[in-house]
Amino acid sequence: MTGRVLILGATGRFGRNAAEAFWNAGWRVHLFDRTQDDLMQAAEGMDVIVHGWNPAYTDWAAQIPGLTARVIAAAKASGATILVPGNVYVFGVDAQAEFGPGVPHAATNPLGRVRIAMEESLRASGVQVIILRAGDFLDTEASGNWFDKQIAPSLRRGVLTWPGDPDADHAWAFLPDMARAAVRLADHRKELPRVSDINFPGYTLTGRDLALACARALNRPVKLRRMSWLPLWLARPFWPMAAPLLEMRYLWSKPHRLTRDSLDAVLPDFQETPLDDAIARALAPIIGATPDRPRPTHAGPRQPQAQ
């Protein structure tokens, strides 16, 4: 089943990958331009709205409620399904390690509470909502995520910089895979309940696991070094972004993984990209690494046009 999809945040990490995945699957893709488009008009005739708007951490409390309300209003008027990338912030520091749809959303930190309120408003909206929840991103472009900004650049010197406990499980999502799963879920939207909370399990990797995977991709030894958080503490009085980054520090030492039963229930045949291929593709734009192994072949990605 294909249709018409409106991508909000098409230049962002998830939005960009979702736009390409929907386009390659044969959907009619419309990229929303906040500088000139009207959301209510743009949503007319859409089957799915991808809510990929994600302001900076420092603007979450001020902007996310209003942005979400606008998306809900547009979906109500058009009858579209809202598809939103969820994260693990809703669970909080005291949550069990196995993050699943039945685990309470009990985060008490500010960013976690913003995301909880966002999801609660979507659940109460009366429109169909698909929440596809994932961990930290591995992207095929340097897009400002933890992996390409902090963890991987030091691999040029043969060192992987890890922000927390190197033996703690951590959830990762390869964005092209997550976007493919989003398209498949959109294809099944008429079979899904009004609100679907579905995990994208991706890869569960400790810091040591990731260092070994990077060593295989680069075909050379990789050392693991723990990141110092002291510069962020020192910058906190002067740099607004330091506080939310420090707030979420716990996720780098709290063991966690995303269960896969919710995805398997809808897409039992879904297959992620093999880990080593995903790591090689994620490293290429960061350190100029060219994977020794052949990359998976796909039909050449077509670029959607703004309409």
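Residues numbered from 1 in each chain as written. Predicted model: local features only at pLDDT ≥ 70, side-chain atom pairs only at ≥ 80, totals over all residues. Heavy atoms only, no water.

Pairing within the open sheet is mixed, and its three strands lie in the order S7-S9-S11. Each end of this open sheet is capped by a strand with a single partner; those strands are strand S7 (136–138) and strand S11 (203–205). Taking the axes of each pair of neighbouring strands and ignoring which way they run, one obtains an average angle of 40° across the sheet. Inspection of the sheet shows strand S9 (residues 170–174) paired to S11 by three bridges, in the antiparallel sense. Within S11, the residue paired with His 170 across the bridge is Leu 205. (Pairing = 2+ DSSP bridges. Helix = DSSP H or I, 4+ residues; strand = E, 2+ residues; numbered from the N terminus. Axes fitted to C-alpha atoms, helices over the stretch in contact; angles between N-to-C directions.)

The description of two packed helices rests on the angle between their axes and on the distance between the axes. With their axes 10 Å apart at the nearest point, helix H3 (residues 60–78) and helix H4 (residues 110–123) run at an angle of 10° to one another. Relative to H4, H3 is oriented roughly parallel. Contacts between H3 and H4 involve Trp 60, Ala 61, Ile 64, Thr 68 and Ile 72 on the former and, on the latter, Leu 111, Val 114, Arg 115, Met 118, Ser 121 and Leu 122. A class-by-class count of the residues in the contact of H3 with H4 yields eight nonpolar, two polar and one charged. (Parallel < 35°, antiparallel > 145°, perpendicular 65-115°, else oblique. Contact = heavy atoms within 4.5 Å. Nonpolar A, V, L, I, M, F, W, Y, C, P; charged D, E, K, R; others polar.)

We now examine the confidence of the model for the protein chain. Mean pLDDT over the protein chain stands at 93; residues scoring 70 or higher make up 94%. The low-confidence segment residues 290–307, where pLDDT is below 50, has 31 contacts with residues more than four positions distant or belonging to other chains. (pLDDT = per-residue confidence, 0-100.)

For the rest of this paragraph, the subject is the side chain of Thr 68. Along the polypeptide, Thr 68 turns up in helix H3. Judged by its relative accessible area of 2%, Thr 68 falls in the buried class. Not counting chain neighbours up to four residues away, the residues in contact with Thr 68 comprise His 51, Met 118, Ser 121 and Leu 122. (Buried < 20%, exposed > 50% of the residue type's maximum accessible area, 1.4 Å probe, protein only.)

We now examine the pattern of salt bridges. By the definition in use, this model includes 15 salt bridges. Note that Asp 269 is salt-bridged to Arg 184, the shortest N-O span being 2.8 Å. Remark: Arg 184 occurs in helix H6 (residues 175–187) and Asp 269 occurs in the loop between helix H10 (261–266) and helix H11 (275–287); sequence separation between them is 85 residues. Residue classification places Arg 184 among the partly exposed residues on the basis of a relative accessible area of 26%. (Salt bridge = Lys/Arg side-chain N within 4 Å of Asp/Glu carboxyl O.)

The next thing to look at is the sheet that holds strand S1 (residues 4–8). Taken in spatial order, the six strands line up as S2-S1-S3-S4-S6-S10 in an open sheet, and their pairing is parallel. Looking along the sheet, the strands with just one partner apiece sit at the ends: strand S2 (28–31) and strand S10 (195–199). Each strand axis lies, on average, 20° off the axis of its neighbour in the sheet, ignoring direction. Across five bridges, the pairing between strand S4 (residues 81–86) and strand S6 (residues 129–133) is parallel. Each residue of the ladder has a partner; that of Val 84, found in S6, is Ile 131. Each of S1, S2, strand S3 (48–51) and S4 touches helix H1 (residues 13–24); the most contacted strand, S1, lies at about 165° to it.

Residues other than glycine seldom take positive phi values, yet Asn 219 does so here, at roughly 60°. By secondary structure assignment, the location of Asn 219 is in the loop between helix H7 (207–218) and strand S12 (223–226). In this structure Asn 219 comes out as exposed when scored by relative accessible area, which is 59%.

With five of five residues buried, S6 lies mostly within the body of the structure. In this structure, S6 lies alongside S10, joined through five bridges in parallel fashion. Note on S10: the bridge partner recorded for Leu 132 is Ile 198.

Now for H7. Taking 1.5 Å of rise per residue, the 12 residues of H7 would be expected to cover 16 Å, and the 16 Å separating its terminal C-alpha atoms lies within 8% of that figure. Those residues of H7 not exposed but buried are Gly 207, Leu 210, Ala 211, Ala 213, Cys 214, Ala 215, Ala 217 and Leu 218. At its buried positions, H7 is contacted by helix H5 (146–151), strand S8 (159–162), S9, S11, S12 and H11. Following H7 by one or two positions, Asn 219 has its phi on the positive side, about 60°. (Expected span 1.5 Å × (residues − 1).)

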